[in-house]
Amino acid sequence: MVVEVGLKFNDVQGVNLTVADGQAAFLNKTVDAYVAIDPTPIKLQQEGTIRVLRDAQGIKTPGSFYLAAREFASNNLELFKAILEEYYQVGEWANQNRQAAAQILAPKLKVDVATMETMLSRRKYDMQPINEQVLRDQQQVADLLYQLKIVPKQVDVREATLTSQQYAAIIPDSIRNKA
């Protein structure tokens, strides 16, 4: 967003806070703006407390990832394939049944059903295999965070990932051709 309005990263003084502390700092006016995740912005928008300057629509990101200890993952490839298949099926169901998913998730996340439906409408629960492009995109993010001095040392993303053969072994058949 900073670049979209003609600012450079150095024009903004970033403050690293937890979600709760960021919200409190913003509402107490000790910071001028903050980045938040749902459901907080939804509730504050409904109350008329905030104005959204930019949402995540149209922002290309490397995505979200499921994480596990390398040794555990390497020794349990079939288990991981089954887990990922199940996540994929649940995600597909949630994409097709937003209202039902909201009714299931709302009490567990302690939000009302309408807020949960809004949260779900802002997402697509999809999955793609980790491939060379995903790794390159992730490395670009790591390099940017290092250049901006947000992380103290340079990170090689490939050191934290499985081998291509291991990824091939855990990719569920239902998403194998989505790469």
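Residues numbered from 1 in each chain as written. Predicted model: local features only at pLDDT ≥ 70, side-chain atom pairs only at ≥ 80, totals over all residues. Heavy atoms only, no water.

**Q** Residues and numbers for the overall build of the protein, please.
**A** Within the protein one finds eight helices and zero strands. Element order for the protein, N to C, with α for helix and β for strand: α-α-α-α-α-α-α-α. Viewed in the frame of its principal axes, the protein has a C-alpha envelope of about 50 × 45 × 25 Å. Scored against the burial criterion, the 179 residues of the protein give a buried share of 23%. By sequence separation, contacts in the protein at least 24 residues apart represent 56% of the contacts at least 6 residues apart. (Helix = DSSP H or I, 4+ residues; strand = E, 2+ residues; numbered from the N terminus. Buried < 20%, exposed > 50% of the residue type's maximum accessible area, 1.4 Å probe, protein only. Contact = heavy atoms within 4.5 Å.)

**Q** Give a detailed account of helix α4 (residues 77-96), specifying residues and quantitative values.
**A** Here α4 contains 20 residues, and its C-alpha end-to-end distance of 29 Å stays within 8% of the 28 Å for a straight helix at 1.5 Å per residue. Of all the positions in α4, only F80, L84, Y88, G91, A94 and N95 are classed as buried. With its buried residues spanning 125 degrees around the axis, α4 presents them on a single face. Among the exposed residues of α4, those pointing more than 90 degrees away from its buried face are E78, E86 and Q96. Considering only its buried residues, α4 is in contact with α3 (70-74), α5 (98-109) and α8 (164-170). (Expected span 1.5 Å × (residues − 1). Arc of directions from axis to C-beta.)

**Q** So what's going on with the pattern of salt bridges? Which residues, and what values?
**A** Taken as a whole, this structure holds five salt bridges when the rule is applied. Between R123 and D38 there is a salt bridge, with its nearest N and O atoms 3.6 Å apart. Residue R123 is located in the loop between α6 (113-121) and α7 (132-147), and its partner D38 is located in the loop between α1 (19-27) and α2 (40-47); the two are separated by 85 residues in the primary sequence. On the accessibility criterion, R123 (30% relative accessible area) is partly exposed. Overall, D38 belongs to the buried group, its relative accessible area being 12%. Between D126 and K124 there is a salt bridge whose closest N-O contact spans 3.8 Å. You can call D126 partly exposed: its relative accessible area is 40%. (Salt bridge = Lys/Arg side-chain N within 4 Å of Asp/Glu carboxyl O.)

**Q** Describe the packing of α4 against α5, naming the residues involved and giving the relevant values.
**A** One can describe the packing of α4 onto α5 by two numbers: an axis separation of 5 Å at closest approach and a directional angle of 115 degrees. Comparing their axes, α5 and α4 come out roughly perpendicular. Of the residues in α5, those in contact with W93, A94, N95 and Q96 of α4 are R98, A100, A101 and I104. Its residues placed into classes, the contact of α4 with α5 shows five nonpolar, two polar and one charged. (Axes fitted to C-alpha atoms, helices over the stretch in contact; angles between N-to-C directions. Parallel < 35°, antiparallel > 145°, perpendicular 65-115°, else oblique. Nonpolar A, V, L, I, M, F, W, Y, C, P; charged D, E, K, R; others polar.)

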